[in-house]
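Listed below, chain by chain, are the residues.
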Amino acid sequence: MLRYGELKKMVQNITSKMLTQTLRELEEDNLLNRKVYPVVPPKVEYSLTETGKELIPFIEHIGAWGRAQMEKEKIKVEN
């Protein structure tokens with residue numbers, strides 16, 4: 001589980017508005033759980049749902065593909 005501030009630090013160059021919007025969309029799509037604790041100050045934690053966890057291998061594969069494409073482009077530019 002991660003809190004909002006932790007997510008904000010992990011995702012560089014994202015505005016608060018965009019992070020909040022994205023978290024809401026992921027929750028609506030059943031990819032993210034949002035747990036609100038009844039405390040002051042407010043405490044909210046986010047975690048992946050089982051459906052969200054199922055996407056991890058696909059996201060890792062796409063990331064590897066993207067890095068490989070960037071490397072190919074780098075080689076092309078250098079030649």
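Thresholds applied
- Residues numbered from 1 in each chain as written.
- Predicted model: local features only at pLDDT ≥ 70, side-chain atom pairs only at ≥ 80, totals over all residues.
- Heavy atoms only, no water.
- Helix = DSSP H or I, 4+ residues; strand = E, 2+ residues; numbered from the N terminus.
- Rg over C-alpha atoms; globule rule 2.2 N^0.38 Å.
- Pairing = 2+ DSSP bridges.

### Section: the overall build of the chain
Working step 1: Per the secondary structure count, the chain includes four helices and three strands.
Working step 2: Ordered by position in the sequence, the α and β elements of the chain form the string β-α-α-β-β-α-α.
Working step 3: Here the chain has a C-alpha radius of gyration of 17 Å; the compact-globule value for 79 residues is 12 Å, and the former is much larger.
Working step 4: Its C-alpha atoms put the chain at 60 × 25 × 15 Å along the principal axes.

### Let's talk about the pairing of strand E3 (residues 43–48)
Working step 1: Alignment of strand E1 (residues 2–3) against E3, held across two bridges, turns out to be antiparallel. Directly across from Leu-2, in E3, lies its bridge partner Tyr-46.
Working step 2: Alignment of strand E2 (residues 32–37) against E3, held across six bridges, turns out to be antiparallel. Residue pairing in the sheet places Asn-33 in a bridge with Ser-47 of E3.
Working step 3: Here E2 folds back onto E3, and the loop between the two strands holds five residues.

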